[in-house]
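# Tertiary structure, described
The primary structure of each chain is shown beneath.
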Amino acid sequence: MYHRTLHPIEKHFSRVLNCFKANSFHASCERSLKADNPLARQLESILQSCIGSPYLREGKQVHAQSIVNGIINNGLLGAKILGVYVACDRFIDAKKLFHQLEFHYAMPWNWMIRGCIKKGFFDFALLFYFKMLACGVCPDKYTFPAVIKACAGVNAVRLAKMVHDTISSVGFDVDAFMGSSLIKLYLENDCIDDARRLFDKLSYKDSVLWNVMLNGLVNFGELDSAIEMFRNMRNSGTKPDSVTFACLLSICASEGMIEYGIQLHGLAVCYGLQFEPPVANTLVAMYSKCGYLFDAQKVFDMIPHTDLVAWNGMVAGYVQNGFMVEASQFFKEMISGGVKPDSTTFSSFLPSVTDIRQAKEIHGYTVRHGVILDVFLKSALIDMYFKCRDVTSARNIFDLSTVIDIVMSTAMISGYVLNGMSNDGLEVFRWLIKAEMRPNAVTYASVLPACADLAALKLGREMHNNLIRNGLDRKRHVGSAIMDMYAKCGRLDLAHQIFIRMSDKDVVCWNSLVTSCARNGKPEEAIDLLRKMGIEGLTHNCVSISAGLSACANLPALHHGKEIHCLMIKGAFDCDIFAESALIDMYAKCGNLNAAYCVFDLMKIKNEVSWNSIIAAYGNHGHLDQCLALFHKMLDNGFEPDHVTFLGILSACGHVGQVDDGVRYFRWMTDEFGIPAGKEHYSCMVDLFARAGRLNEAFETIKSMSSPPDAGIWGTLLGACRVHGNVELAEVASRHLLDLDPKNSGYYVLLSNIHADAGQWGSVRKIRNLMKERGVQKVPGYSWIEVNNATHMFTSSDTTHPESAQIYSLLKDLLFVLRKEGHVLQPLLPSYPQACIW
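Remember, predicted model here, so these are calculated numbers, not experimental data. Chains are numbered independently. Their residues run from 1 in the order of the written sequence. Two thresholds apply to this predicted model, a pLDDT of at least 70 for residue-level local features and 80 or more for giving and counting side-chain atom pairs, whereas whole-chain, interface and lining totals are computed over all residues. Hydrogens and water are ignored here; the side-chain numbers use all heavy atoms of the structure.

## Details of the overall build of the protein chain
For the protein chain, the helix and strand inventory stands at 47 helices and two strands. Per-residue burial for the protein chain yields a buried fraction of 47% across its 838 residues. Here, residues are in contact when the closest pair of their heavy atoms is within 4.5 Å. Once local pairs closer than 6 in sequence are excluded, the contacts in the protein chain between residues at least 24 apart make up 59%. Here the Shrake-Rupley method, with its probe set to 1.4 Å, supplies the accessible areas, and only the displayed protein chains count as covering residues. Carbon and sulfur atoms provide 53% of the accessible area of the protein chain, an area that totals close to 43,000 Å². Working definition: helices are DSSP H or I runs of at least four residues, strands are E runs of at least two. Numbering for both runs from the N terminus. Relative accessibility thresholds used throughout: buried, under 20% of the residue-type maximum; exposed, over 50%; partly exposed, between the two (1.4 Å probe, protein chains only).

## A few points about the pattern of salt bridges
We define a salt bridge as a contact between a side-chain nitrogen of Lys or Arg and a carboxyl oxygen of Asp or Glu at a distance within 4 Å. Applying the stated criterion across every chain, the model contains 17 salt bridges. The residue glutamate 222 makes a salt bridge to arginine 196 at a minimum N-O spacing of 2.4 Å. In this pair, glutamate 222 is assigned in the loop between α13 (207–220) and α14 (223–235) and arginine 196 in helix α12 (residues 192–201), connecting sequence segments 26 residues apart. Residue class for arginine 196 comes out partly exposed when judged on its relative accessible area of 27%. Here arginine 664 makes a salt bridge to aspartate 661, at a shortest N to O gap of 2.6 Å.

## So, helix α22 (residues 356–368)
Under the convention used throughout, the expected extent of a helix is 1.5 Å for every residue step, that is, one less than its residue count. With 13 residues, α22 should reach 18 Å at 1.5 Å per residue; the first-to-last C-alpha distance of 18 Å fits that figure. Turning to α22, its buried residues are Ala359, Ile362, His363, Gly364, Tyr365 and Thr366. Among the structural elements, α20 (324–336), α21 (343–349), α23 (375–387) and α24 (391–399) are those in contact with the buried residues of α22. As used in this structure description, the phrase polar contact means that two N or O atoms lie within 3.5 Å; if the pair is within protein, one of them must be able to donate a hydrogen and the other to accept it, and residues adjacent in sequence are counted only when both atoms belong to side chains. Where α22 begins, one side-chain oxygen reaches toward the backbone nitrogen of arginine 357, 3.3 Å away; that side chain belongs to aspartate 355.

## What to know about a nonpolar patch on the surface
On the surface, a cluster of nonpolar side chains totalling about 300 Å² of accessible area is made up of Phe121, Phe124 and Leu127. Mapped onto the elements, leucine 127 comes out in helix α8 (residues 122–134). In this scheme, patches are assembled from residues that exceed 30% relative accessible area and form no salt bridge. Like charges are connected within 9 Å, while nonpolar side chains (Val, Leu, Ile, Met, Phe, Trp, Tyr) are connected within 5 Å.

## Examining the UniProt feature "repeat: PPR" (unreviewed entry) in the protein chain
UniProt's entry tags residues 105–139, 206–240, 307–341, 405–439, 506–540 and 607–641 with the feature "repeat: PPR" (unreviewed entry), counted in the numbering of this structure. Along residues 405–439 one finds 74% helix and 0% strand; the C-alpha atoms at either end are 10 Å apart. The distance separating the terminal C-alpha atoms of residues 506–540 is 11 Å; by composition the span is 74% helix and 0% strand. UniProt positions are given in the numbering used here, feature names are shortened, and annotations may be inferred rather than shown by experiment.

## Comments concerning the nonpolar core
Across soluble globular proteins, nonpolar side chains have a tendency to be buried as a group. Side-chain atoms within 4.5 Å are what join buried Ala, Val, Leu, Ile, Met, Phe, Trp, Tyr and Cys residues into a set we call a nonpolar core. In terms of nonpolar packing, the biggest core is built from 248 residues, with Ile183 and Leu717 touching the most fellow members. Isoleucine 183 has contacts with Ala195, Leu198, Phe199, Leu202, Leu209, Val212 and Met213, leaving out every residue within four places of it along the chain.

## Concerning the packing of helix α33 (residues 542–554) against helix α35 (residues 577–589)
Relative to each other, α33 and α35 sit at 10°, their axes nearing to 8 Å. What the angle tells us is that α33 and α35 run roughly parallel. Touching Ile545, Ser546, Leu549, Cys552, Ala553 and Asn554 of α33 are Phe578, Ala579, Ala582, Leu583, Asp585, Met586 and Lys589, all from α35. When residue character is reported, Ala, Val, Leu, Ile, Met, Phe, Trp, Tyr, Cys and Pro are called nonpolar, Asp, Glu, Lys and Arg charged, and the others, Gly included, polar. Split into classes, the residues belonging to the contact of α33 with α35 amount to nine nonpolar, two polar and two charged. To obtain each axis, a line is fitted to C-alpha atoms, and for helices this fit is confined to the stretch in contact; angles are then taken between N-to-C directions over 0 to 180 degrees. Here the angle decides the label: under 35 degrees means roughly parallel, over 145 means roughly antiparallel, 65 to 115 means roughly perpendicular, and every other value means oblique.

## Points about the environment of serine 422
Tracing the backbone through its elements, the reader meets serine 422 in helix α26 (residues 422–434). Along the chain, serine 422 and leucine 448 lie 26 residues apart, while their C-alpha atoms are 9.8 Å from each other. Ignoring any residue separated from it by four or fewer positions in sequence, one finds serine 422 in contact with Tyr416, Ala450, Asp453 and Leu454.

## Some words on the packing of aromatic side chains
Between rings of Phe, Tyr and Trp, where Trp is taken as its six-membered ring, a pair exists when centres lie within 6.5 Å; planes separated by under 30 degrees are stacked, by over 60 edge-to-face, and by other angles tilted. Taken as a whole, this structure holds 29 aromatic pairs when the rule is applied. Plain terms: the ring middles of phenylalanine 646 and phenylalanine 673 are 5.6 Å apart, the flat faces sit at 55° to each other, and that makes the pair tilted. Of the two residues, phenylalanine 646 is situated in helix α39 (residues 643–656) and phenylalanine 673 in the loop between α40 (659–672) and α41 (679–691); the sequence distance between them amounts to 27 residues. For phenylalanine 646, a relative accessible area of 0% puts it in the buried group. Exposure remark for phenylalanine 673: the relative accessible area of 26% places this residue in the partly exposed category. Consider the rings of tyrosine 665 and tryptophan 668, whose centres lie 5.6 Å apart with planes at 50°: the pair is tilted. Remark: tryptophan 668 and tyrosine 665 occur in helix α40; sequence separation between them is three residues, near one turn of the helix. By relative accessible area, tyrosine 665 is classed as buried at 5%. By relative accessible area, tryptophan 668 is classed as partly exposed at 25%. Taken together through their ring pairs, the aromatic side chains of Tyr597, Phe600, Trp611, Tyr618 and Phe639 make up a single cluster.

## With respect to unusual backbone geometry
The residue arginine 389 is not glycine, and still its phi comes out positive at about 65°. In this structure arginine 389 comes out as exposed when scored by relative accessible area, which is 52%. Within the chain, glutamate 436 stands out as a residue other than glycine whose phi angle is a positive 60°. By the element assignment, glutamate 436 lies in the loop between α26 and α27 (441–453).

## What about the layout of surface pockets?
In this model, the second largest pocket occupies a volume close to 660 Å³. The method works on a 1 Å grid over the protein atoms by themselves. A cavity is a set of points holding a 1.4 Å probe that cannot get out, a pocket is an open set with protein on both sides within 12 Å along at least five of seven lines, and residues with an atom within 4 Å of a point line them. Surrounding the second largest pocket, 26 residues form its lining, Ser581, Ala582, Asp585, Lys589 and Ser613 being those nearest its centre. Of the residues that constitute the lining of the second largest pocket, the class distribution is twelve nonpolar, eleven polar and three charged. Grid points are joined across faces, edges and corners, and a volume is the space filled by probe spheres set on the points.

## Things to note about the environment of methionine 483
With respect to the element layout, methionine 483 can be found in helix α29 (residues 476–488). Excluding anything up to four places from it in sequence, methionine 483 contacts Ala495, Ile498, Phe499, Met502, Cys509, Ser512 and Leu513.

## Looking at α35
Helix length check: α35, at 13 residues, gives a terminal C-alpha distance of 19 Å against a target of 18 Å (1.5 Å per residue), a fit within 8%. Buried residues dominate α35, accounting for ten of its 13 residues. Taken together, the buried positions of α35 are Ile577, Ala579, Glu580, Ser581, Ala582, Leu583, Ile584, Met586, Tyr587 and Ala588. Residues of α35 that are buried make contact with α33, α34 (558–570), α36 (593–602) and α37 (608–620).

## Here we look at the packing of α8 against helix α9 (residues 143–153)
For any two helices packed against each other, one specifies the crossing angle of their axes together with the interaxial distance. Contact geometry of α8 with α9 gives a least axis separation of 8 Å together with a crossing angle of 135°. Considered as vectors, α8 and α9 are oriented oblique to each other. For the pair α8 and α9, the crossing hand works out as left-handed. Where α8 approaches α9, its residues Phe122, Ala125, Leu126, Tyr129 and Met132 are matched on the opposing element by Thr143, Phe144, Val147, Lys149, Ala150, Cys151 and Gly153. Along the lines of polarity and charge, the residues of the contact of α8 with α9 split into nine nonpolar, two polar and one charged. Rotating anticlockwise by less than a right angle from the far helix to the near helix defines a left-handed crossing, while the corresponding clockwise rotation defines a right-handed one.

Spelled out as structure tokens, the structure:
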């Protein structure tokens with residue numbers, strides 16, 4: 001029960017209503033309003049047809065005659081003249097006349113309340129109602145519907161409940177019209193229980209009343225209750241109309257209930273409503289959102305008169321299902337067919353645009369044709385420009401907008417992160433917090449990748465806390481973003497905890513954890529998760545397949561890779577370019593170069609990624625001639641190389657020591673193709689010169705870099721200094737390395753060994769002492785060996801593995817066979833294998 005303290009004005013009106021009831025409400029309010037003058041009766045009959053703008057002149061003439069003859073207050077004549085003024089939107093004239101009339105009956109008050117509502121002055125309408133009660137005028141059955149509408153206009157729920165109580169207390173029944181207004185008001189203000197109670201009490205329910213209740217339940221998120229109410233509606237004998245079907249089909253579209261939607265479609269056909277615009281348009285949207293584009297197109301083609309909403313539904317359906325080319329063709333058909341697109345059309349179509357020229361053409365079209373740039377269209381334009389890598393245009397749209405909401409801000413954040421500008425994305429997030437905008441789940445899912453890119457673990461944890469406080473952490477896409485953030489910040493344990501706590505895991509959540517494990521040196525866990533994913537009944541997609549293959553390549557585990565290859569064939573993923581490219585990489589890294597080339601050769605469609613994979617495969621195996629032959633074949637087939645292509649070529653040149661070829665292709669990359677050299681390319685060139693003993697050229701290459709070299713480049717030079725005994729240059733490299741990566745034990749050990757080879761034992765002691773002072777411990781190296789389709793991992797002189805003795809015995813037999821065949825081998829340690837790499 002709802003209890004509260006009455007406001008003084010409410011107490012006054014309660015006393016007035018009690019007075020009405022005590023004095024026999026209807027009897028005290030009724031009086032004879034029949035005209036007792038023949039002229040008044042004649043003028044009243046004239047006014048019966050004077051409701052509307054064309055009759056304003058006649059209404060004024062009747063008003064003049066009533067004033068001249070002094071009969072303005074004779075019966076209902078004055079009230080009817082007032083009604084003409086209200087109906088003709090002459091509110092000032094109506095107000096002047098109202099003050100000249102008698103206030104003891106309801107009709108003049110009703111007209112003024114309706115006039116205020118018609119002009120949108122809901123608060124003044126309620127003031128007239130209060131004044132009416134204060135003057136002792138009895139409301140009639142025409143008063144309350146207008147008052148309820150005024151309450152809805154200002155969301156005055158408490159007042160609406162008072163009016164509802166008044167209607168019941170004075171003996172009026174709540175009819176279907178008043179009931180629908182009250183129910184709509186209750187539902188719009190989350191008073192669903194009050195709406196249900198009132199709905200159940202009503203004896204007569206028409207289709208409008210059922211539709212109001214259905215729409216309210218859908219908006220409130222009670223979809224099961226809405227479906228049950230539709231069943232009750234049919235059982236009651238009420239015939240559903242187009243609004244009913246549009247409401248229920250919208251549920252099917254949002255929840256993916258295609259089977260129930262097909263049943264509703266059949267029912268709409270039975271009622272002859274399938275071509276009604278609300279039903280037809282919602283059918284198109286439902287089939288599109290559920291992935292049944294053929295059926296959506298079929299419904300669209302059958303509509304006798306397609307409107308803009310139907311065209312928009314088809315455009316959105318093609319884009320949402322990834323058919324970008326078809327969406328573009330359909331959009332062109334729409335323009336050529338004379339249908340003028342609106343902001344909704346462009347908001348749906350723009351995600352399919354990836355070419356900057358086309359993007360600017362569409363933007364220009366919206367400006368030339370005066371398309372309203374609402375926040376949704378501006379957000380779509382911002383997103384489009386970011387996808388086209390035109391950050392300046394996206395920023396200009398955002399900066400020039402006078403009204404900015406959370407949708408536009410979220411689009412800016414995700415766009416900055418997409419273009420590698422995570423700091424700018426975080427700045428927008430800080431700005432919207434200062435502007436007192438409330439971030440939603442999509443905002444957090446967009447800004448968390450920025451924390452991941454910057455490895456900002458502290459900031460990411462703060463956002464995670466905010467998500468928990470606001471109850472947004474339970475959403476699946478947010479959970480995936482949190483997992484990815486923790487994984488990229490080096491906290492795979494926290495990512496795993498988030499995954500375990502998630503009650504509703506979809507394919508995206510599983511893929512996020514599988515990919516994180518594969519990238520963070522946990523390939524066994526990645527493969528195990530991929531297996532569990534199948535056991536849970538989830539269907540693998542190209543992302544999970546690619547992550548699993550990456551894990552197999554890093555382990556390496558050829559037998560697991562072959563199992564995934566079989567899974568690809570069974571699941572029709574053998575036609576996915578990116579999954580096949582990952583398969584090439586897996587076979588190459590597992591040592592099966594022939595299988596890698598077979599996969600590449602059998603690919604029906606090849607792109608730059610697949611060509612780069614096979615070029616890198618041959619390059620990493622030291623087959624420079626085949627690598628270069630594939631590169632030129634790639635050019636002959638019309639594919640443009642990128643920085644990854646040349647990275648594979650430079651690496652291949654380094655493996656076989658072809659310095660001149662490496663220098664030539666490095667210059668070809670920068671001069672002919674205009675590809676700027678990155679740190680990876682410089683690292684390959686340094687390694688190329690260093691392997692050939694040309695350390696001075698390697699050092700000059702480092703000094704010529706436009707950006708500061710990282711630890712990997714200096715480490716490459718330091719390793720070459722040990723091979724070639726260049727202690728002086730090793731000192732230079734080590735100074736940079738110990739500043740850039742002071743916790744890496746490998747650099748200390750490498751520098752120590754260089755000084756040891758040169759007989760500088762004092763320097764060796766200094767380096768060892770420096771390691772102890774900084775708390776740096778040597779990380780043991782690991783080796784893998786595959787036995788009976790199982791991968792085993794060992795450290796040097798490892799005796800802890802349960803199968804060490806068996807593995808060692810197998811290796812001894814293998815070495816015996818190799819020696820017998822005349823192979824010269826380095827002796828292993830007498831007890832267990834030290835570093836078995838096969």
